[in-house]
Amino acid sequence: MNPFTLIRPKTFEQASQALTDRTYALPMLKAGGMDLLDHMKEGLLAPDALVDVRRLTHNSDAPGIRRMVSDGEGRIEVDAMVTLAELASNDLIKREAPMLAAAAASAATPQVRNVATLAGNLLQRPRCWYYRKEQFDCLKKGGDRCYAVEGENKHHAIFGRGPCYIVHPSNIAPPLSLLDARVHVIGSDRDTLKITDLFHSPGEGVRDEHTLKQGEVVTHISLRPEQTSGFYAIKEKQSFDWPLVFACVALRLSQGRIDSARVCAGAVAPVPWPLPNVEQSLIGVHIDDDDDLHNACASAADGAIPLAQNEYKVRLLPIAVRRAVRIAAGRPAL
Ligand SMILES: Cc1cc2nc3c(=O)[nH]c(=O)nc-3n(C[C@H](O)[C@H](O)[C@H](O)COP(=O)(O)OP(=O)(O)OC[C@H]3O[C@@H](n4cnc5c(N)ncnc54)[C@H](O)[C@@H]3O)c2cc1C
C-alpha cells in the first residue's frame, strides 16, 4: 500500500476543502474505509491523502437518524456516516421504512455492518472480479473491453446492455430509490440531488458509477417513509454473502388489494433497476391470491438479456419480487 497523509477535518466543509487542496495529487474521502482500503491494498487506487469523515455529523444537536422538523411529509434524515448496523436496528427506520432496515440487515456480515457507512455503501465501487483485479485492463480502467462478456459472468448484469456488465453493489440504493431519497451534499453549487440522479449507467460514463462532482461531500440523506414496504434477497448462502438478486417493494393496500406498487430490483443491472411492468401488473391483485400474485410478478425479468452464465437470474427475479411483495403486506415470504 502507498504512503498517504491522514487528514481529520472537524466539519464536512473542511473535508470538502481538503479534497480540493492542491497540496495533494489524489486526496480521497474515507468513511468506514472498507471499500477504499480494499482498493488501496489491491493496487487499484493510490491516494496521497485520506480525508477521514467517519466521525462527522451533519447535525450535532441530533446526530444519527432523526425525524425532520418543519416538514409536512414526515421525512426522515439519516447522517451520511450512520453505519449499516445502526440503520438495521434503528426503531424509526424499522417502523417507517422496513425495507431499508431489512436491506441493511441483509448486507455483508456483522463485522462489516458495524463499520460500513450509508454514504460509503452508496459510493462503493462494483464487485466485478475483472475490475477488482489489477491485471485486467477492463473498460473501467481505461481498457478496450469488458472481460465479463466472454468470461466468467455468473454475477453480472442481465439488464442495461453494457458496454460494461457490472451490477450495482449497494443493498441500500434500491430501497432508497423507492423512498424518494434525496442526497444532501456540500462543496459545489448544489445542495441536494435525487438518489436516482446519483448514479449513471455505463453508457453515460464507464470509468465511474456516480455523478458527484470534484469536492462534493455527502452530508446526509433524507427519505419519505413507506411503512408498507418489504425487501427480499436471494443468495447462495443466506449469511456472509452478496445477493444474487434482490427486490424492494412499497405498496398501497386497501383491504388486502393492491392499489399501487413501486418495485425496484438489485444485483441485476449497473444501477438500481425499477420494474414498471410489475408495478402495473400488481394493481388490483389481492395479496392472498397467490396465483394472481405469481402471474403479476412473472414479468419481472421482461427485457432481460442474460449472459452465458447468468440466465438463472431471469428465473430468480420474479421469485424475489413476489416474496418482497408478500413481506411488504405483512405476510410470510413464501
Ligand atoms: C465480505 C463483504 C461482504 C459485503 N457484502 C455486501 C452486501 O451484501 N451488500 C452491500 O451493499 N455491500 C456489501 N459489502 C460492501 C460494504 O457494504 C461496503 O464496502 C461499505 O458499505 C463501504 O462503506 P465505507 O463506509 O467503508 O466506505 P469507504 O470505503 O470509506 O468509502 C467508499 C467510497 O465512498 C466515498 N465516500 C465515503 N463517504 C463519502 C461521503 N460522505 N461523501 C462522498 N463520498 C464518500 C469514498 O471516497 C470511497 O470512494 C460487503 C463488503 C465485504 C467486505
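If you're wondering where the values come from, they're calculated on a predicted model, not measured in any experiment.

Enquirer: Quick one: what's the story with the site of the ligand, residue by residue and with numbers?
Expert: Around the ligand sit 30 residues, and of these L29, A31, G33, M34 and T117 come closest. The backbone of L29 places a nitrogen or oxygen atom 2.7 Å from an oxygen atom of the ligand. Here an oxygen atom of the ligand and a backbone polar atom of A108 are 3.2 Å apart. Taken by itself the ligand offers 990 Å² of open surface, and the protein chains cover 92% of this. Within the residue set of the shell around the ligand, elements represented by two or more residues are β2 (27-30), α2 (34-41), α7 (118-123) and β8 (217-223). Ranked by residue count, the leading element in the shell around the ligand is α7, at four residues. Residues lining the shell around the ligand come from more than one domain, with at least three contributed by each of domain 1 (1-54) and domain 2 (229-328).

Enquirer: Can you break down the packing of aromatic side chains residue by residue, with the values?
Expert: For any pair of aromatic rings, the description rests on two quantities: the centre-to-centre distance and the angle between the ring planes. Within this structure, the stated rule accounts for five aromatic pairs. Aromatic pair Y130 and F136: ring centres 4.9 Å apart, planes at 80°, arrangement edge-to-face. We classify F136 as partly exposed; its relative accessible area is 29%. For the pair F136 and Y147, a centre-to-centre distance of 5.2 Å together with 70° between the ring planes defines the contact as edge-to-face. Linking F136 in the loop between α8 (129-132) and α9 (173-178) with Y147 in the loop between α8 and α9, this pair joins segments that are 11 residues apart in sequence. Judged by its relative accessible area of 22%, Y147 falls in the partly exposed class. These aromatic residues form a ring-pair network of at least three members: Y130, F136 and Y147.

Cut-off values and rules
- Residues numbered from 1 in each chain as written.
- Predicted model: local features only at pLDDT ≥ 70, side-chain atom pairs only at ≥ 80, totals over all residues.
- Heavy atoms only, no water.
- Near = heavy atom within 4 Å.
- Polar contact = N/O pair within 3.5 Å; in protein donor to acceptor, adjacent residues only side chain to side chain.
- Areas by Shrake-Rupley, 256 points an atom, 1.4 Å probe, with all protein chains shown as cover.
- Helix = DSSP H or I, 4+ residues; strand = E, 2+ residues; numbered from the N terminus.
- Domains from an automatic or database assignment.
- Phe/Tyr/Trp six-rings, centres within 6.5 Å; stacked < 30°, edge-to-face > 60°.
- Buried < 20%, exposed > 50% of the residue type's maximum accessible area, 1.4 Å probe, protein only.

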